[in-house]
Number of protein chains: 2
Amino acid sequence: MTPETMAPLRQRLQELSDLEGAASVLGWDQNVAMPPGGAEARGRQLATLARLSHERWLDPGLEGHLAAAERALADDPDPAHATLLRVVRRDLERAARVPADWVARFAGHRAAAYVAWVEARHTGRVGRVSELLEGTLELSRELAGFFPGHAHLADPLIDRADEGATVATLRPLFARLRAALVPWVAAWSAVPAPAPLPPGPYGKDEQLAAALDLAQAIGYDLGRGRQDTAPHPFAIRFARGDVRITTRVRPDDLTEALFSSLHEAGHAMYEQAVDPALEGTPLAEGVSDGVHESQARLWENQVARSRAFWVFALPRLQRRFPVLAGVTVEQAYRAVNRVVPSLIRTEADEVTYNLHVVLRFDLELELLEGRLAVADLPEAWAERYAADLGVRPAGHADGWLQDVHWFGGTIGGSFQGYTLGNVLSAQFFAAAQRALGDVDAMVAAGDFAPLRGWLAEHVHRYGRAKPVEQLVRDATGGPPDVEPYLDYLRTKYEALAAAPVGAVGAPL
Amino acid sequence: MTPETMAPLRQRLQELSDLEGAASVLGWDQNVAMPPGGAEARGRQLATLARLSHERWLDPGLEGHLAAAERALADDPDPAHATLLRVVRRDLERAARVPADWVARFAGHRAAAYVAWVEARHTGRVGRVSELLEGTLELSRELAGFFPGHAHLADPLIDRADEGATVATLRPLFARLRAALVPWVAAWSAVPAPAPLPPGPYGKDEQLAAALDLAQAIGYDLGRGRQDTAPHPFAIRFARGDVRITTRVRPDDLTEALFSSLHEAGHAMYEQAVDPALEGTPLAEGVSDGVHESQARLWENQVARSRAFWVFALPRLQRRFPVLAGVTVEQAYRAVNRVVPSLIRTEADEVTYNLHVVLRFDLELELLEGRLAVADLPEAWAERYAADLGVRPAGHADGWLQDVHWFGGTIGGSFQGYTLGNVLSAQFFAAAQRALGDVDAMVAAGDFAPLRGWLAEHVHRYGRAKPVEQLVRDATGGPPDVEPYLDYLRTKYEALAAAPVGAVGAPL
């Protein structure tokens with residue numbers, strides 16, 4: 001294998017990568033900057049780029065270059081090339097299995113479903129969106145059907161986001177989590193909740209500056225990124241040199257901007273640290289939804305919701321926000337670790353969060369299996385919240401309509417990554433602590449480079465070049481495992497519950 | 001001709017229009033938001049979109065649909081379809097004449113030239129950029145050579161931007177202008193200049209808000225647009241529903257943000273008012289550089305540099321900027337109409353501005369004709385500034401390196417549109433005054449709708465559907481003509497020079 005053998009294929013992959021990067025710029029703009037009048041054309045522009053990209057994937061020239069490279073590899077094995085060819089072959093086969101007709105029908109359907117979803121949340125009238133969700137369910141089943149040999153209809157949908165995960169592997173993991181979490185939530189939320197941080201008001205520009213300051217402190221590179229506001233925070237990659245984050249700001253709640261920025265910076269630092277040699281190929285991005293989320297949650301939770309982090313961060317924030325002057329590190333630590341069952345996933349604390357995810361996952365399976373009708377979804381949703389979290393939505397918007405995923409994508413495959421990410425975040429963090437020693441002391445001193453370096457070395461740089469299972473084994477010494485995560489939660493929140501607010505200082 | 005006959009062609013055109021819109025989003029982002037690390041990938045992404053677009057233009061399918069539509073038109077004439085087919089055929093022929101090899105070489109060259117230009121402006125070392133400019137000159141000659149039958153090498157380059165204009169038509173027009181302007185500049189700039197507006201400082205956010213307020217007042221639709229800052233102000237169209245403007249801000253000079261916003265809003269209002277029926281075709285944009293510039297200059301100069309406009313605008317600005325409290329309308333009017341020969345085109349006043357353009361046009365022709373060597377350009381530039389404006393650049397950055405055009409595009413065709421725009425702005429404005437009556441009174445009252453409506457009716461809505469010459473004749477009753485513009489300047493500036501500052505009130 002010489003670089004020349006790979007050159008024609010690499011050129012095709014570079015073109016696909018450029019098209020994908022271009023589409024991402026359009027998507028970023030759609031969420032961050034686009035005026036209302038731009039929506040219709042933007043939908044068309046994105047559909048056109050997606051169609052061109054699909055066409056280029058299915059172009060016989062690409063298949064020819066790939067086959068030639070595979071033959072050359074057989075004669076002259078090379079692990080790096082083998083990895084690239086394996087992933088390209090997988091992506092090509094996935095693309096080839098989905099007929100252009102389905103792609104076109106789904107593009108039209110999802111656009112309509114998204115509009116109906118926005119409208120239903122606004123008006124409270126759910127007839128239209130419910131009807132369209134039936135169509136989404138049918139299209140999701142149809143998509144799964146293009147991938148024969150699956151044990152469960154959801155498996156091909158999950159596999160798109162978290163390669164290797166299946167209903168059979170996820171069900172016991174999620175059941176174990178749920179069995180532990182439901183009683184913990186009940187117990188720990190019964191303890192009087194500590195006071196939140198003072199309600200401000202906090203100025204928008206100051207909040208954005210403070211959040212960006214902390215994101216830079218943990219290692220987000222602004223020379224290859226930027227921060228903006230968006231209705232729903234996200235991170236997005238246009239290329240290795242341009243990975244952006246967004247956040248949102250509430251005048252009365254500083255934590256919204258801080259934690260969403262640190263979460264998205266965790267995603268972005270992953271993309272910023274992928275091996276430059278992989279740029280311009282499908283390997284140059286995070287390997288799965290779950291691993292991606294783990295990098296975001298690790299910085300958001302294991303780091304930024306630790307006592308040590310507030311030793312570092314509180315004085316910086318106090319210099320910027322005089323209203324925080326009287327707050328102690330212990331008070332701040334407790335304020336950002338309140339356990340309060342709530343209705344909205346994206347606002348949930350660490351302990352209740354996974355219950356939000358597991359119930360969505362279970363409902364997705366029931367819908368796909370035909371055991372739950374779309375018409376019965378709102379009630380099933382409400383029942384499950386009552387059972388798992390002891391709260392019941394007042395309407396549709398804080399119930400089954402709260403997340404966009406089903407109304408802009410498929411049913412199946414969208415949610416498991418959030419909880420896989422939480423689970424993996426604890427495994428990676430524990431492994432880093434074993435390797436680095438006293439990470440807390442480093443965090444308290446604002447020295448984030450060792451942790452970031454460990455993650456870059458063991459996770460980030462591989463991009464998609466190392467499969468998830470192997471990545472986790474190599475980095476942590478064992479397979480994906482829920483126990484380190486449960487240990488983390490138990491240790492942290494039992495201590496907090498055992499010594500409630502009054503014991504450590506005056507309430508805020 | 002039925003819509004069905006046109007449908008296959010329209011679909012192809014829609015796709016091309018989407019690709020062009022997507023590329024424009026990437027270009028906007030490059031100027032407005034992109035971090036430094038994104039530059040390399042962005043260059044590739046834009047080149048990929050341009051290549052795909054060129055490929056789609058040359059796809060035999062498009063030619064087939066076009067030929068079928070042309071045959072159908074021959075059987076069943078229809079003026080609207082005839083116009084569309086004429087422009088599509090022209091664009092296709094232009095695209096087909098330029099070999100992909102030249103496009104690729106030029107893309108690489110212009111990227112290198114741009115980088116060298118930025119560097120030379122920074123370091124003052126011009127060896128590399130001068131050498132690359134030789135290459136640009138060669139590539140420009142080569143491009144012109146793909147279009148046989150031209151009377152002058154510059155003609156095909158000019159025709160790309162201002163269809164129908166040629167060296168033979170522009171030379172006498174520009175000579176007439178220069179003959180009038182050189183003595184006027186000498187005379188009017190000898191009169192003691194009125195005081196500028198107070199030097200502030202003006203806050204950035206307040207300036208942007210004030211500029212946007214005035215842009216909205218004249219009719220820029222923010223539901224289909226937005227304002228950002230950029231190093232060099234521009235307007236850009238992604239689609240009819242998304243036409244954006246940019247501006248720049250100086251803390252000590254309010255006029256920079258105000259006039260650049262009103263100028264770009266003039267461009268944007270043109271694009272926002274094109275007939276929706278033309279959307280998704282090559283007709284759905286401004287017809288030429290010259291007509292586009294006329295719409296920007298009309299709002300910037302004929303409107304916003306009039307006494308009437310300041311009757312409207314000054315109180316609004318005074319509410320926002322207390323430092324303007326003591327300024328009278330007459331003082332403001334004079335402050336924004338100072339005639340001062342200067343070195344930088346983009347900062348020039350109305351009277352000197354066209355001398356900057358005409359001298360660039362003349363130098364372009366000399367370079368293309370081989371009468372001037374690139375090595376002699378700096379001195380030729382300096383000589384001409386001394387002769388026409390009585391000033392001489394101190395270095396390269398305020399001389400021949402000041403404009404980006406030659407270092408990101410061709411030599412030839414880039415500058416004539418600015419002066420054509422000034423000339424046409426006066427013709428259109430005079431015609432609107434004849435049709436509407438006392439436009440000054442409307443402007444003073446902040447009633448811009450009649451003028452905007454007249455422009456939309458006679459200029460904007462046609463997009464590229466009406467050729468420039470016919471557009472000007474239909475709108476103004478005569479062919480493009482420099483005399484109304486010279487009348488406008490003479491009337492306005494003779495009055496200002498005849499009654500200098502002291503005569504109308506206390507100096508600022």
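Residues numbered from 1 in each chain as written. Chains lettered and ligands numbered in written order. Predicted model: local features only at pLDDT ≥ 70, side-chain atom pairs only at ≥ 80, totals over all residues. Heavy atoms only, no water.

Peer 1: If you had to explain the overall build of chain A to someone new, which residues and values would you point to?
Peer 2: Counting its secondary structure elements, chain A contains 21 helices and 3 strands. Rg of the C-alpha trace for chain A: 23 Å, near the compact-globule value of 23 Å for 508 residues, within the 12% margin. By its C-alpha atoms, chain A is 70 × 55 × 45 Å across when sized along the principal axes. Taken over 508 residues, chain A has a buried fraction of 55%. In chain A, the proportion of contacts linking residues at least 24 apart, taken out of those at least 6 apart, comes to 73%. The averaged location of the 66 negative side-chain charges in chain A is 2 Å from the averaged location of its 51 positive side-chain charges. (Helix = DSSP H or I, 4+ residues; strand = E, 2+ residues; numbered from the N terminus. Rg over C-alpha atoms; globule rule 2.2 N^0.38 Å. Buried < 20%, exposed > 50% of the residue type's maximum accessible area, 1.4 Å probe, protein only. Contact = heavy atoms within 4.5 Å. Lys, Arg positive; Asp, Glu negative; His and termini not counted. Charge placed at Lys NZ, Arg CZ, Asp CG, Glu CD.)

Peer 1: How would you sum up a nonpolar patch on the surface? Please name residues and give values.
Peer 2: Taken together, the side chains of A:Tyr114, A:Val115, A:Val118 and A:Val404 make up a nonpolar region of the molecular surface, amounting to roughly 320 Å² of accessible area. Here A:Val115 shows up in helix α5 (residues 100-123). (Patch = residues over 30% accessible without salt bridge, like charges linked within 9 Å, V, L, I, M, F, W, Y side chains within 5 Å. Areas by Shrake-Rupley, 256 points an atom, 1.4 Å probe, with all protein chains shown as cover. Salt bridge = Lys/Arg side-chain N within 4 Å of Asp/Glu carboxyl O.)

Peer 1: Describe in detail the pattern of salt bridges, supporting the description with residues and values.
Peer 2: For the structure shown, the criterion picks out 94 salt bridges over all chains. A salt bridge links A:Glu469 to A:Arg473, with the shortest nitrogen-to-oxygen separation between them at 3.0 Å. In this pair, A:Glu469 and A:Arg473 are both assigned in helix α20 (residues 468-476), 4 residues apart and thus about one turn of the helix distant. For A:Glu469, a relative accessible area of 40% translates into the label partly exposed. Residue classification places A:Arg473 among the partly exposed positions, given a relative accessible area of 41%. Among the ionic pairs, B:Arg371 bridges to B:Glu369, the shortest N-O distance being 2.5 Å. Among the residues examined, B:Arg371 registers a relative accessible area of 54% and is labelled exposed.

Peer 1: Got a sec to walk through the sheet that holds strand β1 (residues 227-229) of chain B? Specific residues and values, please.
Peer 2: Residues and elements named next belong to chain B. Here 3 strands make up an open sheet; going across it, the order is β1-β3-β2 and the pairing mixed. The two strands at the open ends of the sheet, each matched to only one other strand, are β1 and β2 (235-239). Pairs of neighbouring strands in the sheet enclose a mean axial angle of 30°, with direction left out of account. Of the strand pairs in this sheet, β1 and strand β3 (residues 242-247) are connected by 3 bridges, and their pairing is parallel. Opposite Gln 227, over in β3, you have Ile 245 as the bridge partner. Against the sheet, helix α9 (residues 204-218) makes contact with β1 and β3, and its axis sits at roughly 140° relative to β1, the strand it touches most. (Pairing = 2+ DSSP bridges. Axes fitted to C-alpha atoms, helices over the stretch in contact; angles between N-to-C directions.)

Peer 1: Explain the interface of chain A and chain B to me, using residue names and the numbers behind them.
Peer 2: Contact residues are listed per partner, giving 38 residues for chain A and 38 residues for chain B. On the surface where chain A and chain B come into contact, there are 10 salt bridges. Here chain A is connected to chain B by 18 residue pairs in polar contact (both at pLDDT 80 or more). If one sorts the elements of the side of chain A that touches chain B by residue count, helix α1 (residues 3-32) of chain A sits on top with 11 residues. Residue composition of the side of chain A that touches chain B, by class: 16 nonpolar, 9 polar and 13 charged. (Polar contact = N/O pair within 3.5 Å; in protein donor to acceptor, adjacent residues only side chain to side chain. Nonpolar A, V, L, I, M, F, W, Y, C, P; charged D, E, K, R; others polar.)

Peer 1: Describe the relation of the copies chain A and chain B, listing the residues and the values that go with them.
Peer 2: Least-squares fitting of chain A to chain B yields an RMSD of 0.0 Å, with the superposition described by an axial translation of 0.1 Å and a rotation of 180°. Considering both components of the superposition, the chain copies are consistent with a two-fold axis. Comparing interface residues between copies, 100% of those in chain A also lie at the interface in chain B; the contact surface is shared. (Least-squares fit on C-alpha atoms with pLDDT ≥ 70 in both.)

Peer 1: Tell me about the sheet that holds strand β1 (residues 227-229) of chain A, residues and numbers included.
Peer 2: Consider a sheet: its strands pair through backbone hydrogen bonds, and that pairing is either parallel or antiparallel. Residues and elements named next belong to chain A. The sheet built from 3 strands is open, its strands ordered β1-β3-β2 with mixed pairing. Lying at the two open borders of the sheet, with one neighbouring strand each, are β1 and β2 (235-239). Neighbouring strand axes in the sheet, compared pairwise and without regard to direction, differ in orientation by 30° on average. When β2 meets strand β3 (residues 242-247), the two strands line up antiparallel, connected through 4 bridges. What sits directly across from Ala 239, in β3, is Asp 242. Together, β1, β2 and β3 form the strand contacts of α1, whose direction differs from that of β2 by roughly 145°.

Peer 1: An account of the packing of helix α14 (residues 350-369) of chain B against helix α17 (residues 416-436) of chain B is needed here, citing residue identities and associated values.
Peer 2: Residue and element names in this part refer to chain B. Where α14 contacts α17, the axes come no closer than 8 Å and their chain directions differ by 140°. Accordingly, the angle class assigned to the pair α14 and α17 is oblique. Here α14 and α17 pass one another in a crossing that is left-handed. Residues Tyr 353, Asn 354, Val 357 and Phe 361 of α14 pack against Gln 416, Tyr 418, Thr 419 and Asn 422 of α17. Across the contact of α14 with α17, the residue classes tally to 4 nonpolar, 4 polar and no charged. (Parallel < 35°, antiparallel > 145°, perpendicular 65-115°, else oblique. Left-handed = near helix turned anticlockwise from the far one by under 90°.)

Peer 1: Any chance you could break down the confidence of the model for chain A for me, citing the residues and the numbers?
Peer 2: Averaged over every residue, the pLDDT of chain A is 95; residues scoring 70 or more account for 98%. Two summary scores accompany this predicted model of the complex, namely pTM at 0.94 and ipTM at 0.93. (pLDDT = per-residue confidence, 0-100.)

Peer 1: Explain the pairing of β3(A) to me, using residue names and the numbers behind them.
Peer 2: Residue and element names in this part refer to chain A. With 6 of 6 residues buried, β3 lies mostly within the body of the structure. What you see with β3 is no split at all: Asp 242, Arg 244 and Thr 246 on one side and Val 243, Ile 245 and Thr 247 on the other are buried throughout. Taking the residues between adjacent antiparallel strands as the criterion, β2 and β3 are bridged by 2 residues.

Peer 1: Explain the packing of aromatic side chains residue by residue, including any values.
Peer 2: When we look at a pair of aromatic rings, we describe it by the centre distance and by the angle of the planes. All chains considered together, the criterion is met by 42 aromatic pairs over all chains. On the numbers, 5.8 Å between centres and 25° between planes, the contact of A:Trp188 with A:Tyr493 is stacked. Note that A:Trp188 is positioned in helix α8 (residues 167-188) and A:Tyr493 in helix α21 (residues 483-498), a separation of 305 residues in sequence. Of the two residues examined, A:Trp188 and A:Tyr493, each falls in the buried class. With 5.7 Å between their ring centres and 45° between their planes, B:Tyr114 and B:Trp117 make a pair best called tilted. Of the two residues, B:Tyr114 and B:Trp117 both sit in helix α5 (residues 100-123), 3 residues apart, roughly one turn of that helix. Residue B:Trp117 is classed as buried on the basis of its relative accessible area, which comes to 5%. Feature note: the residues A:Phe259, A:Trp299, A:Phe309, A:Trp310, A:Phe312 and A:Phe448 constitute an aromatic cluster, connected by ring pairs. Residue placement shows B:Arg94 over the ring face of B:Phe147; its charged tip is 4.4 Å from the ring centre. Above the plane of the ring of B:Phe259 lies B:Arg305, whose end atom (NZ or CZ) is 3.9 Å from the centre. (Phe/Tyr/Trp six-rings, centres within 6.5 Å; stacked < 30°, edge-to-face > 60°. Lys NZ or Arg CZ within 6 Å of the ring centre and 35° of its normal.)

Peer 1: Give a detailed account of the environment of B:Val472, specifying residues and quantitative values.
Peer 2: With respect to the helices, strands and loops of the structure, B:Val472 is situated in helix α20 (residues 468-476). The class for B:Val472 is buried, based on a relative accessible area of 0%.

Peer 1: Outline helix α4 (residues 79-97) of chain B, supporting the account with residue identities and numerical values.
Peer 2: Each α-helix winds once per 3.6 residues, and so residues spaced three or four apart point in a common direction. All names here are of chain B. Over its 19 residues, α4 extends 27 Å from the first C-alpha to the last, a length consistent with the 27 Å expected when each residue adds 1.5 Å. Of all the residues in α4, the buried ones are His 81, Thr 83, Leu 84, Leu 85, Val 87, Val 88, Arg 89, Arg 90, Asp 91, Leu 92, Arg 94 and Ala 95. Against the buried residues of α4 lie α1 (3-32), α2 (39-58), α3 (60-75) and α7 (155-161). The N-cap of α4, judged by a side-chain oxygen 2.9 Å from the amide nitrogen of Ala 80 a few residues on, is Asp 78. (Expected span 1.5 Å × (residues − 1).)

Peer 1: Before we move on, can you summarise helix α19 (residues 449-458) of chain B with the specific residues and values?
Peer 2: Residue and element names in this part refer to chain B. Of all the residues in α19, the buried ones are Leu 451, Trp 454 and Leu 455. Along the axis of α19, the buried positions cluster into a sector of 95°, meaning they face one direction only. On its buried side, α19 packs onto α11 (289-303), α17, α18 (439-444) and α20. (Arc of directions from axis to C-beta.)

Peer 1: Account for unusual backbone geometry, with residues named and values stated.
Peer 2: Cis rather than trans, the peptide bond between A:Gly200 and A:Pro201 has omega equal to 5°. Looking at the secondary structure, you find A:Pro201 in the loop between α8 and α9 (204-218).

Peer 1: Can you lay out a negative patch on the surface for me, pointing to particular residues and giving the numbers?
Peer 2: Among the surface-exposed residues, A:Asp205, A:Glu206, B:Asp205 and B:Glu206 lie close enough to one another that they form a single negatively charged patch. Breaking the negative patch down by element, the ones donating at least two residues are α9 of chain A together with α9 of chain B. Note on placement: A:Asp205 falls in helix α9. The exposure class assigned to A:Asp205 is exposed, which follows from its relative accessible area of 54%.

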